[in-house]
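Fold and geometry: a report
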Amino acid sequence: LLFERIPPKPSTLLHLPSDLAAIRPVSEPAEPSYRILDEETITPRIQLLGNGNYSLMITNAGSGYSRWRDIEIGRWRSDATRDPWGMFFYVREEGRLEPWSITHQPSGVQDSGYSVIYGPDRAEFHRTRDGIEAQVEVIVSPEDDAEIRRVTLSTQSPRDRLIELTSAMELSLARHEADRAHPGFNKLFIQTEARPDLQAVIAWRRSRSPSDSPVW
């Protein structure tokens, strides 16, 4: 640029903007980027999250599915009457027999202290019961093919309370059409292993033929 010649005459703007040009908004006013719901809706209200490879659908009742490409992680069916499919968390206090779920499903108990918040990047479920505030945040990582579910428990009473938290999901690890056609047969190829050194449970699907890719 230092050796570039100076143009002989300055550049001119051939098409001058008109002062009488109509001014119109580019877009409508922005709507709120979140929705607040409860469990009492005639049809399920869903939230879709994903990063291109990993996708997640969850309803305001807490049910839904997770998929990696075309492989379903957990078993799911489109049944609006029962809707017991998805990943759920149960809370039980020591000394009590009946556990309760943080989300509306699968227990199906209506509660005035239940609410759902859908944000642009997450879904949050809140429930207050027996003096215990429970919250579940569900997100999909934008960088890795993984979903994160964070559970937060707090007590409203001054006494110490021992809480047992249990997570549950029925695994599929197969394409939706294959699992729907032969659910019992599909279960024969799923294995799980508890790894205390990793603080994790590992699940994988045994290959039916040498050409099948392993799913973990």
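Let me sum up the structure you'll find in this document.

Parameters and conventions
Residues numbered from 1 in each chain as written. Predicted model: local features only at pLDDT ≥ 70, side-chain atom pairs only at ≥ 80, totals over all residues. Heavy atoms only, no water. Helix = DSSP H or I, 4+ residues; strand = E, 2+ residues; numbered from the N terminus. Buried < 20%, exposed > 50% of the residue type's maximum accessible area, 1.4 Å probe, protein only. Pairing = 2+ DSSP bridges. Axes fitted to C-alpha atoms, helices over the stretch in contact; angles between N-to-C directions. Phe/Tyr/Trp six-rings, centres within 6.5 Å; stacked < 30°, edge-to-face > 60°. Lys NZ or Arg CZ within 6 Å of the ring centre and 35° of its normal.

To continue, consider unusual backbone geometry. Here the residue pair Gln-105 and Pro-106 is connected by a cis peptide bond, since its omega of 5° sits within 30 degrees of zero. Mapped onto the elements, Pro-106 comes out in the loop between strand 7 (100–101) and strand 8 (114–118). Non-glycine residue Asp-130 carries a positive phi angle of around 55°. With respect to the element layout, Asp-130 can be found in the loop between strand 9 (123–129) and strand 10 (132–140). Even without glycine at this site, Leu-173 takes up a positive phi of about 55°. With respect to the helices and strands, Leu-173 occurs in strand 13 (residues 171–174). Judged by relative accessible area, Leu-173 falls into the buried class, the value being 4%.

With that settled, the discussion passes to the pairing of strand 5 (residues 71–74). Of the strand pairs in this sheet, strand 4 (residues 64–68) and strand 5 are connected by two bridges, and their pairing is antiparallel. Within the sheet, the bridge partner assigned to Trp-68 lies in strand 5 and is Ile-71. Linking strand 4 to strand 5, which pair antiparallel, is a turn of two residues; within it Arg-69 sits at a positive phi near 55°. Looking at chain direction, strand 5 and strand 13 are connected through two bridges and run antiparallel. Its bridge partner being in strand 13, Gly-74 is matched across the sheet by Leu-171.

Okay, the sheet that holds strand 13 next. Pairing within the open sheet is antiparallel, and its five strands lie in the order 2-3-4-5-13. The two strands at the open ends of the sheet, each matched to only one other strand, are strand 2 (46–50) and strand 13. Strand-to-strand twist of the sheet, defined as the mean angle between neighbouring strand axes without regard to direction, takes the value 20°.

The tally for this structure, following the rule as stated, stands at three aromatic pairs. Plain terms: the ring middles of Trp-204 and Trp-216 are 5.1 Å apart, the flat faces sit at 25° to each other, and that makes the pair stacked. Taken together, the residues span a long stretch of sequence, with Trp-204 in strand 15 (residues 200–205) and Trp-216 in the segment after strand 15 at a distance of 12 residues. Exposure remark for Trp-204: the relative accessible area of 17% places this residue in the buried category. For Trp-216, a relative accessible area of 65% translates into the label exposed. Taking NZ or CZ as reference, Arg-67 lies 4.4 Å from the ring centre of Tyr-65, over its face.

Note: strand 10 against strand 11 (residues 147–155), nine bridges, orientation antiparallel. Residue pairing for strand 11: Gln-135 is matched across the bridge by Thr-152. In this structure, the hairpin formed by strand 10 and strand 11 is closed by a connection of six residues.

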